[in-house]
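# Coordinate inspection notes
Chain by chain, the residues run as shown.
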Amino acid sequence: MSKIQSLTDLIGNTPIVQVKNIDTGHCNLYLKLESMNPGSSIKDRVALKIIEDAEKNGELTEGSTVVEATAGNTGLGLALIALLKGYKAKVVILDKMNLNKIYHLKALGAEVTLARSDVGPDSPEHYVNVAKKICEMTEKSFMANQFSNKSNPIAHEETTGPEIFDQMNGDVDAVVCGVGTGGTISGLGKYFSKVSPKTEMVLADPKGSIVKDVVENNEVKPADYSWLVEGIGEDFIPDTLDIKYIKKAYEVTNKEAFETIRILAQKEGIIGGSSSGTLISAALKYCKDQDTKKNVVTFVCDSGEKYLNTAYNKEWLKEKNLI
Ligand SMILES: Cc1ncc(COP(=O)(O)O)c(C=O)c1O
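In this text, all values refer to a predicted model and were calculated from it rather than measured experimentally.

What follows deals with the overall build of the protein. In terms of regular secondary structure, the protein is built from ten helices and ten strands. For the protein, whose C-alpha radius of gyration is 19 Å, the value lies close to the compact-globule estimate of 20 Å for 323 residues. With respect to the principal axes defined by its C-alpha atoms, the protein has extents near 60 × 45 × 40 Å. Taking all 323 residues of the protein together, the buried fraction comes to 52%. Sequence separation of 24 or more characterises 70% of the internal contacts of the protein that already satisfy a separation of 6 or more.

A few words on the nonpolar core. The biggest cluster of nonpolar side chains holds 53 residues, and the ones touching the most others in it are Val175, Val176, Cys177, Leu203, Ala283 and Val296. Per-element tally for this core: the top contributor is helix H9 (residues 274-289), with seven residues. Each residue touching Val296, except ones within four places of it in the same chain, is listed here: Cys27, Asn28, Leu29, Tyr30, Asp173, Ala174, Val176, Ala283, Tyr286 and Cys287. By size, the runner-up hydrophobic cluster in this structure holds 39 residues, among which are Val46, Ala69, Val92 and Met97.

In this section: the pairing of strand S2 (residues 28-33). One ladder, built from three bridges, connects strand S1 (residues 16-18) with S2; its direction is antiparallel. When the sheet's bridge partners are listed, Ile16 is paired in S2 with Lys32. Two elements, S2 and strand S10 (residues 295-300), share six bridges in a ladder whose sense is parallel. Counted as the bridge partner of Leu31 is Thr298 from S10.

Taking strand neighbours across the sheet as the criterion, the four strands line up as S5-S4-S3-S6 in an open arrangement whose pairing is parallel. The sheet terminates laterally at strand S5 (111-115) and strand S6 (141-143), the two strands that pair on one side only. Sheet twist, expressed as the average angle between the axes of neighbouring strands with direction ignored, equals 20°. The pairing of strand S3 (residues 65-70) with S6 spans three bridges and is parallel. Residue Val66 lies in a different strand from S6, and its bridge partner there is Phe142.

It is worth spelling out the sheet that holds S2 at this point. Within the open sheet, the six strands sit side by side as S1-S2-S10-S7-S8-S9. Their pairing is mixed. What marks the edges here is a single partner per strand, and that holds for S1 and strand S9 (246-252). Direction aside, neighbouring strands of the sheet carry axes that sit 25° apart on average. Of the strands in this sheet, strand S7 (174-177), strand S8 (200-206) and S9 are in contact with helix H6 (residues 183-195), which crosses S7 at around 165°.

This paragraph deals with the environment of Glu111. Mapped onto the fold, Glu111 is located in strand S5. Sequence separation between Glu111 and Lys150 is 39 residues; the distance between their C-alpha atoms is 25 Å.

One can read the domain layout of the protein as domain 1 (7-37 + 150-319) and domain 2 (43-143). When each unit is reduced to the centre of its C-alpha atoms, the spacing between domain 1 and domain 2 is 23 Å. In this assembly, 24 residues from domain 1 lie in contact with 20 residues from domain 2. Broken down by element, the side of domain 1 that touches domain 2 gets its largest block of residues, seven residues, from helix H5 (residues 151-167). Looking at the side of domain 1 that touches domain 2, its residues break down into seven nonpolar, 13 polar and four charged.

With that out of the way, let us pick up the packing of helix H2 (residues 73-85) against helix H3 (residues 99-107). Running from N to C, H2 and H3 point in directions that differ by 15°, and their axes come no closer than 9 Å. If you check the angle between H2 and H3, you find them roughly parallel. Judged by the sense of rotation from one axis to the other, the crossing of H2 with H3 is left-handed. Taken together, the residues of H3 that come into contact with H2 (itself represented by Gly75, Leu76 and Ala79) are Lys101, His104 and Leu105.

Right, let's get into unusual backbone geometry. Among all residues except glycine, the phi angle is most often negative; among peptide bonds, the trans geometry is most common. Here the phi dihedral of Asn13 falls at roughly 50°; this positive angle occurs in a residue that is not glycine. Take Asn13: it is sitting in the segment before S1. On the basis of neighbour count, Asn13 is assigned to the exposed category, with 12 C-beta atoms found within 10 Å. In this structure, Ser40 is a non-glycine residue whose phi angle is positive, near 65°. Mapped onto the elements, Ser40 comes out in the loop between S2 and helix H1 (43-56). Look at Ser40 and you get buried, because 22 C-beta atoms sit within 10 Å.

Parameters at a glance
Residues numbered from 1 in each chain as written. Predicted model: local features only at pLDDT ≥ 70, side-chain atom pairs only at ≥ 80, totals over all residues. Helix = DSSP H or I, 4+ residues; strand = E, 2+ residues; numbered from the N terminus. Rg over C-alpha atoms; globule rule 2.2 N^0.38 Å. Buried ≥ 20, exposed ≤ 12 C-beta atoms within 10 Å, placed from the backbone. Contact = placed C-beta atoms within 7 Å. Core = buried A, V, L, I, M, F, W, Y, C linked by C-beta atoms within 7 Å. Pairing = 2+ DSSP bridges. Axes fitted to C-alpha atoms, helices over the stretch in contact; angles between N-to-C directions. Domains from an automatic or database assignment. Nonpolar A, V, L, I, M, F, W, Y, C, P; charged D, E, K, R; others polar. Parallel < 35°, antiparallel > 145°, perpendicular 65-115°, else oblique. Left-handed = near helix turned anticlockwise from the far one by under 90°.

Written out as structure tokens, the structure reads:
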């Protein structure tokens, strides 16, 4: 590989690998390894697009501070790119997220504020509202606003989608995604509706999240906040989520998700983050529901190294009643 100009050149163009040792029924299941981005998650793509677009339209200038509410990975991507480009970063992260993400954010020089995970979007303590407040109080601040910023789904429409289509030689029957902001599923849904109308967008939703009910019954039930996977599962419908692209939805329990990433590590050698357990478990359910061979793609959205103390730690799993 030749020299790169910046770490940002390493964002995207992630590899796809086929699942070999797990039963995928009639289907071929492929994993796009977003864990191999320099900030070790899919959110690097979104962070880069948001920052570049904000620079283009003059919202980010010398001396600006990037502010964001995040389950961690968007904050990590923003903190990394802010550092490379000379901006400051202030990140509000949910208090149920892994401590390693907080250490990682601080190592990149971000200012970190913890917010409650158990309050709804109307509460002033909700992480998005806390970030808005910090933004108001910070001079030359720019709120990345991944939950309403159009650059978020566009990042996936412009990069993740074309990469998958090329890597799969244009033959993709289904893509399985979780919803945090909905940027991934909506951006990919839009891309595939243009280039490959046969491709079904499939939702993997943690039990307790509201998204599956909205997709299936157009009903917004209150979230129960019981899911332990990080980065996906929602208690509101973000502006960046376009549910019209979602053709099918699967609910995944905590037990199924955490068991699936352990199996992924043991059988395929891939240490995925906790949400990868939800996605791959839903993808396997989808595969087993098919009676003909289909090419199914899902993601290892972030690296499991951040979760070695939780998802891969027997004591933590026992404490949470997951084994
Ligand atoms: C850790 C993590 N963050 C974020 C996402 C996707 O979120 P979004 O809906 O914000 O694109 C995923 C997706 O599957 C994820 O695993």
